[in-house]
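Now for the letters of each chain:
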Amino acid sequence: MCRSLRRNIPTRAIFILLGIVGILGAADARQSRSGRAREAFRRANPCPSTGLTTGPCPDYVIDHDEPLCAGGEDAPGNMRWQEEAEAAEKDGLERAVCRAMRAE
């Protein structure tokens, strides 16, 4: 895992990404995302590139700190802005962990 990604992922997410998922139990990998939670996050956390709470946010995405499939909440407190390239790398790792969890 690259150092810049490791610095930006909370410790609990690193454990999940390393495959220590047995302690989390069987999480629902198909948890739906809430538009309201996303809107609440945007109101409280303006886009890093534009400073606006609405509209596009170039080069950034809203990401869940703890993945939904690993039991993370779809709530503003579990969300943060992340650069697109870092998000793509983290999402790939999370998909692998979620597949392993579903196979258990």
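Just above, that's the structure.
Throughout what follows, the structure given in this document is the object of discussion. The structure presented is a predicted model; accordingly, all values stated were derived computationally and were not measured.

**Notes on the nonpolar core**
- Counting 7 residues, the largest nonpolar core consists of Ala37, Phe41, Cys47, Cys57, Ile62, Met79 and Trp81.
- Looking at this core, the elements with two or more residues in it are helix H3 (35–44) and strand S2 (79–83).
- Setting aside residues up to four positions removed in sequence, Met79 forms contacts with Ala37, Arg38, Phe41, Ile62, Asp63, His64, Asp65 and Asp74.

**Topic: the state of the cysteines**
- One pass over the structure, following the stated rule, counts 2 disulfides.
- Disulfide pairing is shown between Cys69 and Cys98; the S-S distance is 1.4 Å. Note that Cys69 is positioned in the loop between strand S1 (60–64) and S2 and Cys98 in helix H4 (residues 84–103), a separation of 29 residues in sequence.
- Taking relative accessible area as the criterion, Cys98 reaches 9% and is therefore assigned buried.
- With its disulfide-bonded cysteines labelled consecutively along the sequence, the protein chain is connected as 1-2, 3-4.

Rules and cut-offs
- Numbers given to residues run from 1 along each chain, matching the order in which its sequence is written.
- Residue-level local features of this predicted model are given only where pLDDT is at least 70; pairs of side-chain atoms are given and counted only at 80 or more, and the full residue set underlies all totals for whole chains, interfaces and linings.
- Values reported for side chains reflect all heavy atoms of the structure, with hydrogen atoms and water molecules removed beforehand.
- Here, nonpolar core refers to any group of buried Ala, Val, Leu, Ile, Met, Phe, Trp, Tyr and Cys residues whose side-chain atoms link them within 4.5 Å.
- Each residue is assigned to one of three classes by its accessible area relative to the maximum for its type, calculated with a 1.4 Å probe on protein chains only: buried under 20%, partly exposed between the two thresholds, exposed over 50%.
- Numbering of helices and strands runs from the N terminus; a helix is a DSSP stretch of H or I covering at least four residues, while a strand is a stretch of E covering at least two.
- Working rule for contacts: check all heavy atoms of both residues, and any pair within 4.5 Å makes them a contact.
- A pair of cysteine sulfur atoms is labelled a disulfide when the two atoms are within 2.5 Å.

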